[in-house]
Amino acid sequence: MFDGVLGFGFCFSAIALVVIGVIIRGVRLLYEYERGVIFTLGKFSGTRGPGLTVVIPVFQSMQKVDMRIKTSEIPRQEVMTRDNIPMLVNAVVYFKVVKPADAIIKIEDYAFAIRQYTQAALRDVIGNSEMDFVLTERESIAQDIKEIVDSETDGWGIDVESIKIQEVELPAEMKRAMAQQAEAERERRAVVINSLGELEASKNLQEAARALSEAPGAMHLRTLQTIRAIAADPSEKIVLFVPSNIEEVGKSLLGSKKG
């Protein structure tokens, strides 16, 4: 009888150890940024939140999904614009999972799929835009690409946060042509500014001449200032003073002779 009790106790201990081992094996830990998609006998049976959770071995399985924002770089692409200008463009897409079950069930590899879809949308949007628009409206182009990708990936349980166009590279010949265009534009602005300066200076000179003509003796003072500024060394200049009323003196002399 003692042997039977001992054997029963041994079997109970073995069963207890097996149960404990199964429970320990089925315990999973999910971090705050993770969610667990549970499958029971191959069928979706729910989503588990962060913390400790138990998965029944053999009957259940769990796939972890990272809920944090992910960054995926779109490799450099050679794209032909609508005005037939080739350019190399690369971008970065920021996305996150909002529905873990859809991200696991509806798409095999959502990160790879988003990269491929963003690459195709990048080609389509830039291919329908002209070169000047691509160079000046990067934010608008990135927003258009985001709307296209976001509308498609919404059914996958993915939310595209933003898309940034990092670099746009033009051919060397186009860079030289744009540099010449910019130089010509600068020269045109310089000529316009110079002509406006001359116009303003002529108006100021006109005002100054009017003021000098209206003030008695102002022209004489201006003449003396000009004489003084001709040369710094007095030995380098000869000044001949002529009466300002020489015309009146000449007329009076001619009149006296006639008389």
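As a reminder, the structure under discussion sits directly above these lines.
The structure presented is a predicted model; accordingly, all values stated were derived computationally and were not measured. (Residues numbered from 1 in each chain as written. Predicted model: local features only at pLDDT ≥ 70, side-chain atom pairs only at ≥ 80, totals over all residues. Heavy atoms only, no water.)

### Concerning the sheet that holds strand β5 (residues 60-66)
Then, number 1: The sheet built from three strands is open, its strands ordered β3-β2-β5 with antiparallel pairing. Two strands lie at the open edges of the sheet, namely β3 (43-48) and β5, each paired on one side alone. Across the sheet, the axes of successive neighbouring strands diverge by a mean angle of 25 degrees, strand direction being ignored. (Pairing = 2+ DSSP bridges. Helix = DSSP H or I, 4+ residues; strand = E, 2+ residues; numbered from the N terminus. Axes fitted to C-alpha atoms, helices over the stretch in contact; angles between N-to-C directions.)

### What to know about the packing of helix α3 (residues 110-127) against helix α5 (residues 138-153)
Then, number 1: Packing of α3 against α5 brings their axes to within 9 Å, and their N-to-C directions diverge by 135 degrees. With respect to their mutual orientation, α3 and α5 come out oblique. Both α3 and α5 take part in a crossing whose hand is right-handed. Here α3 contributes Ile114, Tyr117, Thr118, Ala121, Leu122, Val125 and Ile126 to the contact with α5, which in turn contributes Ile141, Asp144, Ile145, Ile148, Val149, Glu152 and Thr153.
Then, number 2: Residue composition of the contact of α3 with α5, by class: ten nonpolar, two polar and two charged. (Parallel < 35°, antiparallel > 145°, perpendicular 65-115°, else oblique. Left-handed = near helix turned anticlockwise from the far one by under 90°. Contact = heavy atoms within 4.5 Å. Nonpolar A, V, L, I, M, F, W, Y, C, P; charged D, E, K, R; others polar.)

### Re the sheet that holds strand β8 (residues 158-169)
Hydrogen bonding along the main chain pairs the strands of a sheet, whether they run parallel or antiparallel.
Then, number 1: With antiparallel pairing, three strands are arranged side by side in an open sheet as β6-β7-β8. Strand pairing shows two members of the sheet lacking a second neighbour, β6 (70-80) and β8, which therefore form its edges. Direction aside, the axes of adjacent strands within the sheet are offset by 20 degrees on average.
Then, number 2: Each of β6, β7 (86-97) and β8 is contacted by α3, which is oriented at about 35 degrees to β6, the strand it contacts most.

### Focus: the nonpolar core
Across soluble globular proteins, nonpolar side chains have a tendency to be buried as a group.
Then, number 1: In terms of nonpolar packing, the biggest core is built from 35 residues, with Met87, Tyr110, Ile126, Ile145 and Ile158 touching the most fellow members.
Then, number 2: Elements represented by at least two residues in this core include exactly β2 (34-40), β6, β7, α3, α4 (131-136), α5 and β8.
Then, number 3: Examining the composition of this core, we find that eight residues originate from one element, α3, more than from any other.
Then, number 4: With sequence-adjacent residues up to four places away left out, isoleucine 145 is seen in contact with Thr118, Ala121, Leu122, Val125 and Ile163. (Core = buried A, V, L, I, M, F, W, Y, C linked by side-chain atoms within 4.5 Å. Buried < 20%, exposed > 50% of the residue type's maximum accessible area, 1.4 Å probe, protein only.)

### Examining the packing of aromatic side chains
Then, number 1: As enumerated under the stated definition, the model contains three aromatic pairs in all.
Then, number 2: Summarising the aromatic geometry, the rings of phenylalanine 39 and phenylalanine 44 are spaced 6.3 Å apart at their centres and angled 70 degrees between planes, so their arrangement reads as edge-to-face.
Then, number 3: Note on phenylalanine 39: relative accessible area 14%, which makes it buried.
Then, number 4: Residue class for phenylalanine 44 comes out partly exposed when judged on its relative accessible area of 41%.
Then, number 5: Between the NZ or CZ atom of arginine 68 and the centre of the ring of tyrosine 33, over which it lies, the distance is 3.8 Å. (Phe/Tyr/Trp six-rings, centres within 6.5 Å; stacked < 30°, edge-to-face > 60°. Lys NZ or Arg CZ within 6 Å of the ring centre and 35° of its normal.)

### Quick word on the side chain of serine 72
Then, number 1: Within the fold, serine 72 resides in strand β6.
Then, number 2: Residue serine 72 is classed as buried on the basis of its relative accessible area of 4%.
Then, number 3: Not counting chain neighbours up to four residues away, the residues in contact with serine 72 comprise Ala91, Val92, Val93, Phe95 and Arg115.

### Structural notes on the pairing of β3
Then, number 1: Note: β2 against β3, five bridges, orientation antiparallel. Residue pairing across strands places glycine 36 opposite arginine 48, the latter belonging to β3.

### Digging into the pattern of salt bridges
Then, number 1: Per the counting criterion, the structure on display carries ten salt bridges.
Then, number 2: With a closest N to O distance of 2.8 Å, aspartate 66 and arginine 68 form a salt bridge.
Then, number 3: For aspartate 66, a relative accessible area of 22% puts it in the partly exposed group.
Then, number 4: Glutamate 185 is the partner of arginine 188 in a salt bridge, and the nearest nitrogen-oxygen pair spans 2.5 Å. With arginine 188 and glutamate 185 both in helix α6 (residues 172-214) and three residues apart, this pair spans about one turn of that helix.
Then, number 5: For arginine 188, a relative accessible area of 47% corresponds to the partly exposed category.
Then, number 6: Here the residues in one salt-bridge network are Arg76, Glu167 and Glu169, joined through shared partners. (Salt bridge = Lys/Arg side-chain N within 4 Å of Asp/Glu carboxyl O.)

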